[in-house]
Amino acid sequence: MMEKQNASKVFQGITLTCLPLLWMGYFYALYIGNQRNASSYT
């Protein structure tokens with residue numbers, strides 16, 4: 001019982017660490033893509 005709870009806590013920590021990084025990478029890619037598109041229009 002305790003081991004499972006501990007594993008879930010570790011998993012939660014990994015998730016909380018990875019999710020913001022994923023979102024940052026996603027928005028960064030969107031931003032760079034938008035910059036590239038905007039410059040190709042001119």
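Since we're looking at a predicted model, the values are computed, not measured.

Trainee: Just checking my understanding: could you explain the environment of L16 for this structure?
Mentor: Relative to the assigned elements, L16 resides in helix α1 (residues 2-41). Residue L16 is classed as exposed on the basis of its relative accessible area of 60%. A C-alpha to C-alpha distance of 21 Å links L16 and A29, two positions 13 residues apart in sequence.

Trainee: Whenever I open this one, a nonpolar patch on the surface confuses me. Can you help?
Mentor: Taken together, L19, L22, W23, Y26, F27 and L30 make up a surface patch of nonpolar side chains, about 650 Å² in accessible area. Within the secondary structure, L22 sits in helix α1. The exposure class assigned to L22 is exposed, which follows from its relative accessible area of 60%.

Trainee: Any chance you could explain the environment of A7 here in plain terms?
Mentor: Within the secondary structure, A7 sits in helix α1. Remark: the alpha-carbon pair of A7 and A38, spanning 31 residues in sequence, is separated by 46 Å.

Trainee: Even after reading the chapter, I still don't get the packing of aromatic side chains, so can you show me in this structure?
Mentor: By convention here, two paired aromatic rings are described through the distance between centres and the angle between planes. As enumerated under the stated definition, the model contains 3 aromatic pairs in all. Taking 5.9 Å as the distance between ring centres and 85° as the angle between the ring planes, the aromatic pair formed by W23 and Y26 counts as edge-to-face. Of this pair, W23 and Y26 both sit in helix α1, separated by 3 residues, roughly a single helical turn. With a centroid separation of 5.6 Å and 25° between ring planes, the pair formed by W23 and F27 is classed as stacked. Separated by 4 residues within a single helix, W23 and F27 lie in helix α1, roughly one turn from each other. Owing to a relative accessible area of 48%, F27 belongs among the partly exposed residues under this scheme.

Procedures and definitions
- Residues numbered from 1 in each chain as written.
- Predicted model: local features only at pLDDT ≥ 70, side-chain atom pairs only at ≥ 80, totals over all residues.
- Heavy atoms only, no water.
- Helix = DSSP H or I, 4+ residues; strand = E, 2+ residues; numbered from the N terminus.
- Buried < 20%, exposed > 50% of the residue type's maximum accessible area, 1.4 Å probe, protein only.
- Patch = residues over 30% accessible without salt bridge, like charges linked within 9 Å, V, L, I, M, F, W, Y side chains within 5 Å.
- Areas by Shrake-Rupley, 256 points an atom, 1.4 Å probe, with all protein chains shown as cover.
- Salt bridge = Lys/Arg side-chain N within 4 Å of Asp/Glu carboxyl O.
- Phe/Tyr/Trp six-rings, centres within 6.5 Å; stacked < 30°, edge-to-face > 60°.

Coordinates in, geometry out; function isn't part of it.
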